[in-house]
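# Structural overview
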Amino acid sequence: MHPTKNDIALKVRTLIIAQLSPLLADAIALKLQTKQAHWNVKGENFIALHELFDKVATEVEDAADMIAERIVQLGGEAEGTAQAVAKQSRLEEYPYTIADGQKHAFALSSAIAAFNEVGRKAIDKTANAGDAITADMLTQIVRGLDKQMWFVESHLKETTRAQRSQVA
């Protein structure tokens, strides 16, 4: 831990950083997955999805930046290298062989949902640890990505939604 005048107890800061570090890896992985979809989408609604995926990537990049900066504010070390992300990310690997817009919308919305699930858990854990600032930051991030997920899911056809509900 780096020295800081932050008045949050060392034990609490250590716990918060332990929550944020894998979330940072997840955010970086999600950004890369979003760019994978952005670069490779084809077919119906190409331009709408191409532009939407780029907007999602920007929002996820901003989220990763906030998480990394909070880690450092608390005295930790933000680990954002490719190797650290590969080791720490809990997101499933994005499928490389898809091009269809519907399949990308489904895969990307699933990845955002997985990120937000662990994000919500981190909100609760950081709030329970007494760090309202981090909990608020994470709430802002998850709220924004819930909105982006809604935008992405709006491109799914009804049959895809029905198939998704059968899987759940």
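Everything that follows concerns the structure shown earlier in this document.
This write-up is about the structure you can find in this document. Keep in mind that this is a model prediction, so the values were computed, not measured.

### Digging into the overall build of the protein
- Along its length, the protein carries six helices and zero strands.
- Ordering the α and β elements of the protein from the N terminus gives α-α-α-α-α-α.
- Taking 168 residues into account, the globule formula puts the C-alpha radius of gyration at 15 Å, and the protein, at 17 Å, falls close to it.
- Pairs at least 24 apart in sequence give 78% of the contacts found in the protein among residues at least 6 apart.
- Accessible surface, the protein: about 9,300 Å² in total, of which carbon and sulfur atoms supply 55%.
- Each charge sign in the protein was given a centre, from 19 positive and 22 negative side chains, and these centres are 2 Å apart.

### Topic: the nonpolar core
- Residues Leu30, Ile67, Phe115 and Leu138 are the most contacted members of the largest nonpolar core, which totals 44 residues.
- Mapped by element, the contributors of at least two residues to this core are helix 1 (10-40), helix 2 (46-73), helix 4 (101-128) and helix 5 (132-153).
- Counting residues per element, this core draws most heavily on helix 2, at 10 residues.
- Apart from the residues lying within four places of it in its own chain, the contact partners of Leu30 are Val60, Leu91, Leu108, Ala111, Ile112, Phe115 and Leu145.

### Describing the packing of aromatic side chains
- According to the stated counting rule, one finds one aromatic pair in the structure shown.
- Judged by centre distance (5.2 Å) and plane angle (35 degrees), the ring pair of Trp150 and Phe151 falls under tilted.

### Some remarks on the environment of Thr97
- Looking at where Thr97 falls in the secondary structure, it is placed in the loop between helix 3 (82-88) and helix 4.
- For Thr97, a relative accessible area of 78% gives the class exposed.
- For Thr97 and Ile133, which are 36 residues apart along the polypeptide, the C-alpha to C-alpha distance reads 40 Å.

### Focus: the pattern of salt bridges
- As enumerated under the stated definition, the model contains seven salt bridges in all.
- In this structure, Asp26 and Arg90 form a salt bridge, with 2.6 Å as the shortest nitrogen-oxygen distance. Residue Asp26 is found in helix 1, and its partner Arg90 is found in the loop between helix 3 and helix 4; the two are separated by 64 residues along the sequence.
- Across the pair Lys157 and Glu44 runs a salt bridge, and its minimum N-O distance is 3.4 Å. One end of the pair, Lys157, is in the loop between helix 5 and helix 6 (158-167); the other, Glu44, is in the loop between helix 1 and helix 2, and 113 residues separate them in sequence.
- Residue class for Glu44 comes out exposed when judged on its relative accessible area of 55%.

### Points about the packing of helix 1 against helix 5
- Closest axis-to-axis distance for the helix 1/helix 5 pair is 13 Å, and the angle between their directions is 20 degrees. Put simply, helix 1 runs roughly parallel to helix 5. The chirality of how helix 1 crosses helix 5 is left-handed. Residues Ile16, Leu20, Leu23 and Leu30 of helix 1 form the contact with helix 5, whose participating residues are Thr134, Met137, Leu138 and Leu145.
- Broken down by class, the residue content of the contact of helix 1 with helix 5 amounts to seven nonpolar, one polar and no charged.

### Considerations on the side chain of Ser21
- Inspection of the secondary structure puts Ser21 in helix 1.
- Residues contacting Ser21, with those up to four places away along its chain left out, are Ile71 and Gln88.

### Some points on the packing of helix 1 against helix 2
- The contact between helix 1 and helix 2 brings their axes to 8 Å, and the two run at 160 degrees. With respect to helix 2, the element helix 1 is oriented roughly antiparallel. Seen along the crossing, helix 1 lies across helix 2 with a hand that is left-handed.
- When grouped by side-chain class, the residues that make up the contact of helix 1 with helix 2 number 16 nonpolar, four polar and five charged.

Definitions and cut-offs
Within each chain, residues carry numbers counting from 1 in the order of the written sequence. Local features in this predicted model are restricted to residues whose pLDDT is 70 or higher, and side-chain atom pairs enter the listing and the counts only when it is 80 or higher, whereas totals over whole chains, interfaces and linings include all residues. Heavy atoms throughout the structure, all of them, feed into the side-chain values; hydrogens and water do not. Helix numbering and strand numbering both begin at the N terminus, where a helix is a DSSP run of H or I of at least 4 residues and a strand a DSSP run of E of at least 2. C-alpha atoms define the radius of gyration, and 2.2 Å times the number of residues to the power 0.38 defines the globule rule. We call two residues contacting when some pair of their heavy atoms lies within 4.5 Å. Note on areas: Shrake-Rupley with a 1.4 Å probe; residue coverage comes only from the protein chains shown. The charged-residue count follows a simple rule in which Lys and Arg add positive charge and Asp and Glu add negative charge, with His and chain termini not counted at all. To locate a charge, the coordinates of NZ of Lys, CZ of Arg, CG of Asp or CD of Glu are taken. For our purposes a nonpolar core is just a set of buried Ala, Val, Leu, Ile, Met, Phe, Trp, Tyr and Cys residues, chained together by side-chain atoms within 4.5 Å. The buried label goes to any residue with under 20% of its type's maximum accessible area, the exposed label to any with over 50%, and the partly exposed label to all in between, with areas taken from a 1.4 Å probe on protein chains only. Only Phe, Tyr and Trp rings take part, Trp by its six-membered ring, and two of them pair if their centres are within 6.5 Å. Stacked means planes under 30 degrees apart, edge-to-face means over 60, and tilted covers everything else. Salt bridge, as applied in this entry: a Lys or Arg side-chain nitrogen positioned within 4 Å of an Asp or Glu carboxyl oxygen. Every angle, taken between N-to-C directions, lies between 0 and 180 degrees, and every axis is a line fitted to C-alpha atoms, over only the stretch in contact when it is a helix. Put simply, angles under 35 degrees are roughly parallel, angles over 145 are roughly antiparallel, angles from 65 to 115 are roughly perpendicular, and the rest are oblique. Should the near helix be turned anticlockwise from the far one by less than a right angle, the crossing is left-handed, and should it be turned clockwise, the crossing is right-handed. Under the scheme applied here, ten amino acids are nonpolar (Ala, Val, Leu, Ile, Met, Phe, Trp, Tyr, Cys and Pro), four are charged (Asp, Glu, Lys and Arg), and all others, including Gly, are polar.

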